[in-house]
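Each chain, letter by letter, is given below.
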Amino acid sequence: MDRVTRKPRLATVWLGGCSGCHMSFLDLDERLISLAARVDLCASPLTDYKDFPETDITLVEGAVANQEHLEHIRTVRRRTKILVSLGDCAVTGNVTAMRNIFKLEDVLDRAYRQTATVVIGIPSGNGAVPRLLDRVRPVHEVVKVDRFVPGCPPSADAIHEFVVGLLEGRATSLQGRFG
């Protein structure tokens, strides 16, 4: 009887960031087709998953900025064998963490009162914007991260080299070799 080999399950997650890392991932262009033949993409911002699945590898873009991110990254960590911080927001907090120098109340006041054309106040309650954390945090401050791919965003070449290397058992964290 032939033994069927299961493809590694790959997921991508987008937390607090600009989506630049996912845009770089999409910049793999035709290499996405060869990558798709090697993995089962089981969750991404483009899929409508209700419950994060068990994965072999999850690439996480963005920093942990609100309560929803905090709960989600904890679930992702529990269900992922290899968790990768993808891009500077996930690795350091980067641009997302620039709000850390201000008091949270001042950030909310500026966003919802001072710069608003129509002032309706700061959203609260069910269906409102998720509660912001007092401080934006890089992913590794919240959960264990297994690998790091820095860059703002990392290039498509860096992402491709890393993911293929990981699938082939030879990838480690990148040390800023790619711009």
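Please read all numbers here as calculations on a predicted model, not as lab measurements.

Reading guide: rules and limits
- Residues numbered from 1 in each chain as written.
- Predicted model: local features only at pLDDT ≥ 70, side-chain atom pairs only at ≥ 80, totals over all residues.
- Heavy atoms only, no water.
- Pairing = 2+ DSSP bridges.
- Helix = DSSP H or I, 4+ residues; strand = E, 2+ residues; numbered from the N terminus.
- Axes fitted to C-alpha atoms, helices over the stretch in contact; angles between N-to-C directions.
- Buried < 20%, exposed > 50% of the residue type's maximum accessible area, 1.4 Å probe, protein only.
- Polar contact = N/O pair within 3.5 Å; in protein donor to acceptor, adjacent residues only side chain to side chain.
- Contact = heavy atoms within 4.5 Å.
- Core = buried A, V, L, I, M, F, W, Y, C linked by side-chain atoms within 4.5 Å.
- Patch = residues over 30% accessible without salt bridge, like charges linked within 9 Å, V, L, I, M, F, W, Y side chains within 5 Å.
- Areas by Shrake-Rupley, 256 points an atom, 1.4 Å probe, with all protein chains shown as cover.
- Salt bridge = Lys/Arg side-chain N within 4 Å of Asp/Glu carboxyl O.
- 1 Å grid on protein atoms, 1.4 Å probe; cavity = no way out; pocket = protein on both sides within 12 Å on 5 of 7 lines; lining within 4 Å.
- Points joined across faces, edges and corners; volume = space filled by probe spheres on them.
- Nonpolar A, V, L, I, M, F, W, Y, C, P; charged D, E, K, R; others polar.

### Regarding the sheet that holds strand 1 (residues 9-14)
Across the sheet, five strands lie side by side as 2-1-3-5-7; this open sheet has parallel pairing. Strands at the two margins of the open sheet, each flanked by one partner only, are strand 2 (40-43) and strand 7 (147-149). Looking at each pair of strands side by side, their axes are set apart by 25° on average, direction ignored. Relative to strand 3 (residues 55-61), strand 1 is paired through five bridges, and the arrangement is parallel. Residue pairing for strand 3: L10 is matched across the bridge by I57.

### What about unusual backbone geometry?
The residue after C152, namely P153, is reached through a cis peptide bond having omega -15°. For D29, which is not glycine, the phi dihedral falls at a positive 50°. On the secondary structure map, D29 appears in the loop between helix 1 (20-26) and helix 2 (31-38). Look at D29 and you get partly exposed, because its relative accessible area is 47%. Backbone geometry at N94 places phi at a positive 35°, although glycine is not the residue there. Looking at the element boundaries, N94 is found in the loop between helix 4 (88-92) and helix 5 (104-114). N94 sits in the partly exposed class, given a relative accessible area of 26%.

### Regarding the environment of I82
Among the secondary structure elements, I82 is positioned in strand 5 (residues 80-86). Taking relative accessible area as the criterion, I82 reaches 24% and is therefore assigned partly exposed. With 75 residues separating them in the primary sequence, I82 and D157 have C-alpha atoms 20 Å apart.

### Some details on the side chain of T12
Inspection of the secondary structure assignment puts T12 in strand 1. There is a polar contact of 2.9 Å between the side chain of T12 and the side chain of H22. In this structure, T12 is in contact with H22, A43, S44, P45 and L59, ignoring residues within four places of it in sequence.

### A few points about the nonpolar core
Core analysis: the biggest nonpolar cluster contains 18 residues, and L15, V60, V64, I73, L83 and V139 have the highest contact counts within it. Put simply, the parts of the chain that give this core at least two residues each are strand 1, strand 2 and helix 3 (67-78). With three residues, the top contributor of residues to this core is helix 3. One finds C21, A156, I159 and F162 within the second-largest nonpolar core, a separate group that totals 16 residues.

### A word on a nonpolar patch on the surface
A cluster of nonpolar side chains, contributed by M23, L26 and L46, occupies part of the molecular surface with about 330 Å² of accessible area. Relative to the elements of secondary structure, L46 occurs in the loop between strand 2 and strand 3.

### Some words on the pattern of salt bridges
Summed over all chains, the structure comprises 13 salt bridges. Linking E141 and R137 is a salt bridge whose minimum nitrogen-to-oxygen distance equals 3.6 Å. On the basis of relative accessibility, which here comes to 27%, the residue R137 falls in the partly exposed class. Residues R170 and E168 are paired through a salt bridge, measuring 2.9 Å at the closest nitrogen-oxygen approach. Owing to a relative accessible area of 52%, R170 belongs among the exposed residues under this scheme. Shared partners join several salt bridges into a network, and the residues in it are R6, D56 and K81.

### A few points about empty space enclosed by the protein
Counted under the stated rule, the structure contains one cavity of 30 Å³ or more. In terms of lining, the largest cavity is formed by G17, C18, G20, C21, E61, G87, D88, C89, N94, G151, C152 and P153. Of all the elements in the fold, those that place two or more residues in the lining of the largest cavity are helix 1 and helix 4. Of the residues contributing to the lining of the largest cavity, the split by class is five nonpolar, five polar and two charged.

Keep in mind these numbers describe shape, not what the thing actually does.
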